[in-house]
Amino acid sequence: MALDHPVLTKRIPTPPWGDPRDRKLIDIDMYFDTGGYEGLKKAMGMKPNAVVELVKEAELRGRGGAGFPAGMKWSFLPPVDGDRRYLAVNADESEPGTFKDRLLLDYDPHLLLEGIAICMHACQLDTSYIYIRGEYHQQAKTLKYAVNEAYENKIFGNESLLGQINGRMPQCYVHRGAGAYICGEETGLLESLEGKRGWARIKPPFPAVAGAFGRPTIINNVETLAMVGPILELGVNWFKSMGVPRPDGIPSTVPASYGPKLFGVSGHINRPGIYEEELGIKMSHLIEEFCGGMRDGAKFKSAIVGGISTGVIGPDDYDAQLDFDVGAKYNCLGLGTAGVIVMDEHTDMVAVARNIAQFFSHESCGQCTPCREGTHWMYQLLSRIERGQGYAKDIDLLHEVAGSMGALPSGQGSTICGLADGANWAIRTIVDKFRNEFETRVKKKPQILQSVESVNDG
Amino acid sequence: MAWIVKNSATMQIERREDPYLDDELKKMLETEVIPRFPSRQAATLPVLHAVQHKHSWIPYQALEEAAEFLETSASQLLDTASFYDDFWLNPKGRYLIMMCQSVSCELLGQMDLLESIKAKLQIEPGQTTEDGKFTLMTVGCLGSCDTAPCALVNETLHENLTTENFGQILDGLE
Ligand SMILES: Cc1cc2nc3c(=O)[nH]c(=O)nc-3n(C[C@H](O)[C@H](O)[C@H](O)COP(=O)(O)O)c2cc1C
Ligand code: SF4
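Residues numbered from 1 in each chain as written. Chains lettered and ligands numbered in written order. Predicted model: local features only at pLDDT ≥ 70, side-chain atom pairs only at ≥ 80, totals over all residues. Heavy atoms only, no water.

## Concerning the overall build of chain A
Link 1 in the chain: Looking only at helices and strands, one finds 18 helices and 13 strands in chain A.
Link 2 in the chain: On C-alpha atoms alone, chain A measures out to a radius of gyration of 23 Å, which is about the 23 Å that the 2.2 N^0.38 rule sets for 458 residues.
Link 3 in the chain: Its C-alpha atoms give chain A principal-axis dimensions of about 85 × 45 × 45 Å.
Link 4 in the chain: Taken across its 458 residues, chain A has 62% of its residues classed as buried.
Link 5 in the chain: Contacts in chain A between residues at least 24 apart in sequence constitute 68% of all its contacts with a sequence separation of at least 6.
Link 6 in the chain: Chain A carries 48 positive and 57 negative side-chain charges, and their two centres are separated by 3 Å. (Helix = DSSP H or I, 4+ residues; strand = E, 2+ residues; numbered from the N terminus. Rg over C-alpha atoms; globule rule 2.2 N^0.38 Å. Buried < 20%, exposed > 50% of the residue type's maximum accessible area, 1.4 Å probe, protein only. Contact = heavy atoms within 4.5 Å. Lys, Arg positive; Asp, Glu negative; His and termini not counted. Charge placed at Lys NZ, Arg CZ, Asp CG, Glu CD.)

Have a look at this one:
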């Protein structure tokens, strides 16, 4: 399996097709000249509903972390009632290890804007907000520039070729966040958009029914929307010719892993970067063919699959197939954002776990006790194990605390949002797969004997 | 940690004659930002960004002015502003160094880099140098993992940092 031509990176020189040093911002003229906005043209010749059906048929799955089928999400919208409906574009990209959306925002923002326009037509959304993380200063400037170009070229605005939607001319705004990971969670994002602290909301109601300002709202990731234009332009069969189909006997209600995907690879490899391949590519292929192999010829030890929330795979999973089933097959949370962090044999997994716990304890929004207290507790436990001051029982305690938080059944449904699931899976998979490293770090004796000894010594 | 709050009942607010949210800024926000949203409160983040862009931080008086402008309460604005790491409710240095401490950066030497910068500037993360030039912070992930370790200095991203080249970058700042 190998992609025979770049799709999302068509205009962004990327190995093996191009040299990253040749990258430059694609303005709207260059975008038009290279077949841009063809997908939108096609979509405008179709009824909105037909576009939704087409995206549904393509089985495009969300690229923001959860992998929810985009077409299905779109079809959950209630019928239009003449009042406002929104699109919130998730460009918050704050998951450690993830930097793929940035590539599209830096160089080919119109690929995103085309997807936005198609989605607004398909779902009958009159206003879109691109919620971009505050630290992406340059990217926000580029995006504002591109949005301006799109207004001038009648993609959005009072002369938009989309025409009136819900009795209004379609608008698209860039909205900057202010440094909070939780605002990447879709309902935290909506709260933030409304001018409040980014506290995730209890679902239901789902945003498609009652989202921004209480109105129907679609939330999609940058890469998901960027994929929509090419699907419209080149068709469902083309899209489904890439990736991993459903195995025989699996019902069609279970989504498969079709299409190309951006993989952002960092860590102990020779050529870190963003690479585009079909879903289902092997980790080993990614490392050897794209990333120039492991740094200093060291041995592969572990990798975070798709942002720290997804947890790790072990040394035996070097050939792991990277598609939406990676979670079930290799006992991790899932493909996440496909932001892969590769770790070599010299990596201290206790330190990795401590780093991750620190992140989650800082970013927990504080609403749910298991998450707010648990992430902090894990950080403290891990810090003390790392310093060599932990006890054997701390390892089980760590495991128990991790396993007690999360919105999924694996977290006992004890929290509102998925941030806690990320903390749960990240820490649990590291402890499970590298338990020996923790065991050699802790003091073997029960705490009471240890303290008796230290009294005697003292 | 966004959820840690302070007792503000006895707090004194420093005031000045000139408004932070002046007429010019208000006019710009009224024409360019407010019409984007169905509620005025939704303009909170853009308004706070604009105030901070102009004054480098957000004094309490500015929060009160912004609350009036957004037709909401000052406490509501404080609630929002204090939640976000990027909003400064205290003065910060002329250069804000945000050092990325993601796993990718730590794997590639961020710890040593941080130690060297702490020693160079003689401050801990969260502190500002005595001359008011630098404030040092650590942040979750800057989204530049392929060029780790990295840091933002104000709005400029610096990539593939070493103790040497980062020291030189900081020395080169006015
Ligand atoms: C804590 C947390 C942080 C998230 N951060 C992001 C993010 O930065 N960008 C993103 O696209 N999705 C993020 N998500 C996933 C979103 O909630 C949502 O599933 C996604 O934006 C939907 O878009 P998609 O279906 O196109 O992937 C996050 C989820 C959680 C639980
Ligand atoms: S799980 Fe954590 S981040 Fe999510 S709502 Fe609860 S406290 Fe906030």
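## Topic: the overall build of chain B
Link 1 in the chain: Summing up its helical and strand segments, chain B has seven helices and four strands in all.
Link 2 in the chain: Mapped from its N terminus to its C terminus, chain B presents α and β elements in the order α-α-α-α-β-α-α-β-β-β-α.
Link 3 in the chain: Along the three orthogonal principal directions, the C-alpha set of chain B runs to about 50 × 35 × 35 Å.
Link 4 in the chain: Within chain B, the proportion of its 174 residues that are buried is 49%.
Link 5 in the chain: Restricting to contacts in chain B with at least 6 residues of sequence separation, those with at least 24 account for 61%.
Link 6 in the chain: Accessible surface, chain B: about 8,700 Å² in total, of which carbon and sulfur atoms supply 47%.
Link 7 in the chain: Distance between charge centroids for chain B: 5 Å, based on 13 positive and 27 negative side chains. (Areas by Shrake-Rupley, 256 points an atom, 1.4 Å probe, with all protein chains shown as cover.)

## A look at helix α5 (residues 100–107) of chain A
Link 1 in the chain: Judged by how many residues are buried, α5 of chain A sits mostly within the fold: seven of eight residues are covered.
Link 2 in the chain: Listed in full, the buried residues belonging to α5 of chain A are Lys100, Asp101, Arg102, Leu103, Leu104, Leu105 and Asp106 of chain A.

## Let's talk about the domain arrangement of chain B
Link 1 in the chain: Assigned domains within chain B: domain 1 (14–83) and domain 2 (95–173).
Link 2 in the chain: Between the C-alpha centres of domain 1 of chain B and domain 2 of chain B there is a distance of 30 Å. (Domains from an automatic or database assignment.)

## Some remarks on the site of ligand 1
Residues and elements named next belong to chain A.
Link 1 in the chain: Inspection of the region around ligand 1 gives 18 residues, with Gly64, Asn90, Asn220, Asn221 and Thr224 positioned closest.
Link 2 in the chain: Backbone polar atom of arginine 63 to an oxygen atom of ligand 1: 3.3 Å apart, as the coordinates give it.
Link 3 in the chain: Separating an oxygen atom of ligand 1 from a side-chain N or O atom of threonine 224 is a distance of 2.7 Å.
Link 4 in the chain: Within the complex, the protein chains bury 90% of what would otherwise be the 610 Å² of accessible surface of ligand 1.
Link 5 in the chain: Considering each element in turn, the shell around ligand 1 owes the most residues, three residues, to strand β4 (residues 217–221).
Link 6 in the chain: Taken together, the residues of the shell around ligand 1 break down into three nonpolar, nine polar and six charged. (Near = heavy atom within 4 Å. Polar contact = N/O pair within 3.5 Å; in protein donor to acceptor, adjacent residues only side chain to side chain. Nonpolar A, V, L, I, M, F, W, Y, C, P; charged D, E, K, R; others polar.)

## Some points on the pattern of salt bridges
Residues and elements named next belong to chain A.
Link 1 in the chain: Using the criterion set out here, one finds 39 salt bridges over all chains in the structure.
Link 2 in the chain: Across the salt bridge formed by glutamate 191 and lysine 196, the nearest N and O atoms sit 3.9 Å from each other.
Link 3 in the chain: The class of lysine 196 is partly exposed, set by a relative accessible area of 25%.
Link 4 in the chain: Linked by salt bridges that have partners in common, Lys100, Asp101, Glu223 and Lys261 make up one network. (Salt bridge = Lys/Arg side-chain N within 4 Å of Asp/Glu carboxyl O.)

## Considering the site of ligand 2
Link 1 in the chain: For ligand 2, the set of nearby residues contains 13 residues, the closest of which are Cys365, Gln367, Cys368, Cys371 and Cys417 of chain A.
Link 2 in the chain: Class assignment of the residues belonging to the shell around ligand 2 gives a composition of nine nonpolar, four polar and no charged.

## With respect to unusual backbone geometry
All names here are of chain A.
Link 1 in the chain: A cis amide bond links lysine 203 to the next residue, proline 204, at an omega of -5 degrees.
Link 2 in the chain: Assignment of secondary structure puts proline 204 in the loop between α8 (186–193) and β4.
Link 3 in the chain: In this structure, proline 205 follows proline 204 across a cis peptide bond, with omega equal to 5 degrees.
Link 4 in the chain: Despite not being glycine, lysine 154 has its phi angle at roughly 60 degrees, a positive value.
Link 5 in the chain: Within the fold, lysine 154 resides in the loop between α7 (137–152) and β3 (171–176).
Link 6 in the chain: Residue lysine 154 is classed as partly exposed on the basis of its relative accessible area of 39%.
Link 7 in the chain: With phi around 50 degrees, aspartate 296 is a residue other than glycine that occupies positive phi space.
Link 8 in the chain: Residue placement: aspartate 296 occurs in the loop between α11 (283–290) and β10 (300–304).

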